[in-house]
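Chain by chain, the residues:
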Amino acid sequence: MKSKGIIIELTALLDVILIMLFWVMMNISDSSDQVRQDAQAQVQEAQEEAAAAQDELTAAQARFEDELARLQEEALSPDKAARENQEALEGYSEGLIVTMNLRYDAVGKLFIMDQDGELGRTLIGTEEEIAAGMIASLEEAGLGQDDVILCALVYDGSRALYKDIQAITAAISRISSTYTRFYCTFINISR
């Protein structure tokens, strides 16, 4: 007797195995393409973030340099202001001062003078009118708002009216808000 054994048809099984192998390879290929695309997207995103960070760093560095320049200029400013104040004091000792003389004829008048002579005059009225006359005289003298201006108000306390002195004082305060380095002293010659 002859043994017939089991005959297995390998062709069909081989076809199934090859199809499965082909399917696995396709999935792996698709998967690697997807991984590659994801990696490229992440690299692109990281490059964009790095470029944005570089831009922010450049802007921060520019702000730092601007602030440093401003602080260096401020550090030199006290020396400049001290030098200008010293020059004004030296000028004061040489007679370089703005003098305001309050005199009375029929009405009160304020004569504004410097070492070269009369710069202007104004009637004693409201503080606005007095301040306008004083500013016009300072401009006539070529004095700017950043200049150190030393001033003396000279008046005869026995003749000057209290309300006139108050109006002049208010006008000087008004001028001091515009001319930030305007310094004025009051000299009463009746004492």
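Criteria and cut-off values
Within each chain, residue numbers correspond to sequence positions counted from 1 in written order. Local features are withheld for residues below a pLDDT of 70 in this predicted model, meaning they are given only at 70 or higher, and side-chain atom pairs are given and counted only at 80 or more; totals for whole chains, interfaces and linings count all residues. Think of the side-chain values as coming from all heavy atoms in the structure, minus any hydrogens and water. In short, DSSP must find at least two bridges between two strands for them to pair. Each helix corresponds to a stretch of at least 4 residues labelled H or I by DSSP, and each strand to a stretch of at least 2 residues labelled E; elements are numbered beginning at the N terminus. With axes taken as lines fitted to C-alpha atoms, and helix axes fitted only over the stretch in contact, angles between N-to-C directions fall between 0 and 180 degrees. We define a salt bridge as a side-chain nitrogen of Lys or Arg found within 4 Å of a carboxyl oxygen belonging to Asp or Glu. Categorising residues by exposure relies on relative accessible area from a 1.4 Å probe, with only protein chains included: less than 20% of the type maximum marks a residue as buried, more than 50% marks it as exposed, and the intermediate range marks it as partly exposed. When the centres of two rings from Phe, Tyr and Trp lie within 6.5 Å, Trp using its six-membered ring, the rings pair. Their planes under 30 degrees apart give stacked, over 60 give edge-to-face, and anything left gives tilted. Either the NZ atom of lysine or the CZ atom of arginine qualifies as a charge over a ring when it sits within 6 Å of the ring centre and within 35 degrees of the ring normal. For our purposes a nonpolar core is just a set of buried Ala, Val, Leu, Ile, Met, Phe, Trp, Tyr and Cys residues, chained together by side-chain atoms within 4.5 Å. The criterion used for residue contact is that any of the two residues' heavy atoms lie within 4.5 Å. For every residue, the predictor assigns a confidence score, pLDDT, that lies between 0 and 100. By the definition adopted for this analysis, an angle is roughly parallel if under 35 degrees, roughly antiparallel if over 145, roughly perpendicular if from 65 to 115, and oblique otherwise. By definition, turning the near helix anticlockwise from the far helix through less than a right angle yields a left-handed crossing, and turning it clockwise yields a right-handed one. Nonpolar residues are Ala, Val, Leu, Ile, Met, Phe, Trp, Tyr, Cys and Pro. Charged residues are Asp, Glu, Lys and Arg, and all others, Gly as well, are polar.

S.K.: Can you help me understand the sheet that holds strand β1 (residues 98-104) in this one?
M.R.: Sheet strands associate in pairs through backbone hydrogen bonding, adopting either a parallel or an antiparallel arrangement. Read from one edge of the open sheet, five strands run β3-β2-β1-β4-β5, paired in mixed fashion. Each end of this open sheet is capped by a strand with a single partner; those strands are β3 (117-123) and β5 (182-188). Strand-to-strand, the axes of this sheet are offset by a mean angle of 20 degrees, without reference to chain direction. With six bridges joining them, strand β2 (residues 108-114) and β3 adopt antiparallel strand pairing. Considered in β3, the bridge of Leu110 is made with Thr122.

S.K.: When you look at the pattern of salt bridges in this model, what are you seeing that I'm missing?
M.R.: As a working rule, side chains carrying opposite charge can pair if their charged atoms are close by. Scanning the model with the defined rule gives six salt bridges in all. Here Arg70 and Glu67 are joined by a salt bridge, their closest N and O atoms 2.5 Å apart. Placement of both Arg70 and Glu67 in helix α1 (residues 10-93) is noted, with a separation of three residues, approximately one turn of the helix. Here Glu67 falls in the partly exposed class, since its relative accessible area comes to 35%. Between Arg174 and Glu128 there is a salt bridge, and its shortest N-O distance comes to 3.1 Å. With Arg174 in helix α3 (residues 162-178) and Glu128 in helix α2 (residues 127-140), the pair connects residues that are 46 residues apart, well separated along the chain.

S.K.: Explain the packing of aromatic side chains here, please?
M.R.: Here a ring pair, both rings aromatic, is described through the centre-centre distance and the interplanar angle of the planes. Within this structure, the stated rule accounts for zero aromatic pairs. Sitting over the ring of Phe111, Arg103 keeps its end group 4.7 Å from the ring centre.

S.K.: Whenever I open this one, the pairing of β1 confuses me. Can you help?
M.R.: On any regular strand, side chains alternate: one points to one face of the sheet, the next to the other face. Extensive coverage of β1 is indicated by the burial of six of its seven residues. Inspection of the sheet shows β1 paired to strand β4 (residues 149-155) by four bridges, in the parallel sense. The residue bridging Thr99 from the neighbouring strand is Ala152, located in β4. Two elements, β1 and β2, share six bridges in a ladder whose sense is antiparallel. Bridge pairing links Thr99 to Met113 in β2. Linkage of β1 to β2, two consecutive antiparallel strands, is achieved through a turn of three residues.

S.K.: Is there a simple way to explain the nonpolar core in this structure?
M.R.: As a rule of thumb, nonpolar side chains are buried together in soluble globular proteins. By size, the foremost hydrophobic cluster in this structure holds 25 residues, and its most contacted members are Met100, Leu102, Leu110, Ile130, Met134, Ile168 and Phe182. Secondary-structure elements contributing two or more residues to this core are β1, β2, α2, β4 and α3. A total of six residues in this core trace back to one element, the largest contributor, which is α3. Once you skip the residues sitting within four places of it in the chain, Leu102 turns out to touch Lys109, Leu110, Ile124, Val154, Tyr155, Ala160, Ile165 and Ile168.

S.K.: Can you help me understand the side chain of Ser137 in this one?
M.R.: By the element assignment, Ser137 lies in helix α2. In contact with Ser137, not counting residues within four places along its chain, are Ile112, Leu119, Gly120 and Arg121.

S.K.: Would you mind showing me how to read the confidence of the model for the chain here?
M.R.: Atomic detail in the predicted coordinates should be set aside for any region of low pLDDT. Counting all residues, the mean pLDDT for the chain is 79, and 81% of those residues have values of 70 or more. In the model of the chain, α1 stands out as the element of lowest mean pLDDT, 77, in contrast to α3, which has the highest, 86.

S.K.: Would you mind going over the packing of α2 against α3 with me for this structure?
M.R.: Geometry of a packed helix pair, given as the angle between the helix axes and the separation of the axes. Two elements in contact, α2 and α3, have axes whose closest approach is 8 Å; the angle formed by their N-to-C orientations is 55 degrees. Judged on the interaxial angle alone, α3 and α2 are oblique. The chirality of how α2 crosses α3 is right-handed. Across the interface between the two elements, Glu127, Glu128, Ile130, Ala131, Met134, Ile135 and Leu138 of α2 pack against Ala167, Ile168, Ala170, Ala171, Ile172, Arg174 and Ile175 of α3. Residue composition of the contact of α2 with α3, grouped by class: eleven nonpolar, no polar and three charged.

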